[in-house]
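Residue-level structural notes
Here's the letter readout for the chains.
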Amino acid sequence: MDKFALPQTGKPGPGPVSELVFACTDENSRIYKGLARGTTGLAALGWFKHSIPAQLSRSFSSPQVFAVCLPSSSTVPGVALFNSQGPYYFSPRKIEVSKSLIYTNLISGPVGSDTVLHYYYKSPEYYLGLISFKVNKRVVPLNQTLLTIDEIGKGGTKLSTSTPYTMLQTSIYNALVDAFVKESAALNLTTNIPVEPFSMEPFSICFNVEKIWITRLGPFVPTIDLVLGNNNNNKVVWRIYGSNSMARVQNLGFDGWCLAFLDGGLNPSTSIVIGGHQFEDNLLEFDLERGRLGFSSSLLAYDTNCASFDFKSTKN
């Protein structure tokens, strides 16, 4: 147990202090496996009673709602807001984003999945009801069985900030790549496969940098839509533009833009893991009181980004 203080938006000086449960581990712990070099700790934001959102909610008798906005560069700050239901203002035009959020259901994690130490615990991960992908608004045919969670907790779609790029079960990955390459060809974009000693690892679909136009939404490539369900049995769309679908690769003489979705193998525990690159400059609101996720899609469409969050105008 230790003291934990956070600033309050819209108010000067330090914010309230709460006692939080922390856990310590050594630098060789498996908990750091796969994380960025230099990582020295983790902020637990999962769906369980000892996460930071849950503990703060209990401490201040406030709704268990938090928002996260990850920056697209390690040189600028992002923002995490706890006990927050908006408004969310962003500079330079003081745009209020909460009114533009689109909501989809959060699915309570299955028993057994992602709970290596205690199989009978529910997963603390956040799962979504993904129905389909679209590329340039055209439906990508998928094996629908892979999109559901089976009785032992396999399958489905989850969010993971610790996974750098979205990972897709092999057949889903192949279907998405085929559709993306086809739609790219319609834009006169042809893929480039470097030969030795050039490398574009870990990606497999890339375009020469001089072939891609750059817009305020990133590289001009086909859009990728995540089609999701909501409480009204309607479908909502999380649109992914080039800033989140592509990654710049400059490696061993190769310079290009690569599709930032990776092959997760034939038999992964989760069919689709939406990774951190796809979250960058997107505002995500986790409303655990109502079991829903609010998403903005790219803030670049509003001429702003996560680093431009306006703490002075936002009052929570």
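As a starting point, this report considers the structure included with it. Since the structure is predicted, the reported quantities are computational estimates derived from the model, not experimental observations. (Residues numbered from 1 in each chain as written. Predicted model: local features only at pLDDT ≥ 70, side-chain atom pairs only at ≥ 80, totals over all residues. Heavy atoms only, no water.)

**A short note on the side chain of Thr157**
Where we set the bar: Here a helix means four or more residues in a row that DSSP labels H or I, a strand means two or more in a row labelled E, and each is numbered from the N terminus. Buried, partly exposed and exposed residues are distinguished by accessible area as a fraction of the type maximum, computed with a 1.4 Å probe on protein chains only: under 20%, between the cut-offs, and over 50%, respectively. The contact criterion used throughout is that any non-hydrogen atoms of two residues lie within 4.5 Å.
Among the secondary structure elements, Thr157 is positioned in strand β11 (residues 157–159). Its relative accessible area of 0% is what places Thr157 among the buried residues. Contact partners of Thr157, with chain neighbours within four places excluded, come to Tyr126, Tyr127, Leu128, Leu130, Thr270, Ile272 and Ile274.

**Remarks on the sheet that holds strand β13 (residues 206–208)**
Rules: Whether two strands pair comes down to DSSP finding at least two bridges between them. Every axis corresponds to a line fitted to the C-alpha atoms, with the helix fit spanning only the stretch in contact, and the corresponding angles, defined between N-to-C directions, vary from 0 to 180 degrees.
As summarised here, the arrangement of the 3 strands in space is β13-β19-β18, forming an open sheet in which the pairing is antiparallel. Strands with a single pairing partner mark the edges of an open sheet, and in this sheet they are β13 and β18 (246–251). Geometrically, the sheet is characterised by an average inter-axis angle of 35° between neighbouring strands, direction not taken into account. With 3 bridges joining them, β13 and strand β19 (residues 254–259) adopt antiparallel strand pairing. Within β19, the position partnered with Asn208 by the bridge is Gly256.

**A word on the state of the cysteines**
Operational definition: Counting rule for disulfides: a pair of cysteine sulfur atoms within 2.5 Å.
Counting across every chain of the model gives 2 disulfides. In this model, Cys69 is linked to Cys306 through a disulfide, with the two sulfur atoms separated by 2.0 Å. Its S-S torsion of about -75° marks the bond between Cys69 and Cys306 as left-handed, since a negative value means left-handed. In this pair, Cys69 sits in strand β3 (residues 65–69) while Cys306 sits in the segment after β23 (292–298), placing the two residues 237 residues apart along the sequence. Across this residue pair, the class does not change: Cys69 and Cys306 are buried. In this model Cys206 forms its disulfide with Cys258; the gap between the sulfur atoms is 1.9 Å. For the disulfide bridge between Cys206 and Cys258, the dihedral angle about the S-S bond is near 105°, and by the sign convention the bridge is right-handed.

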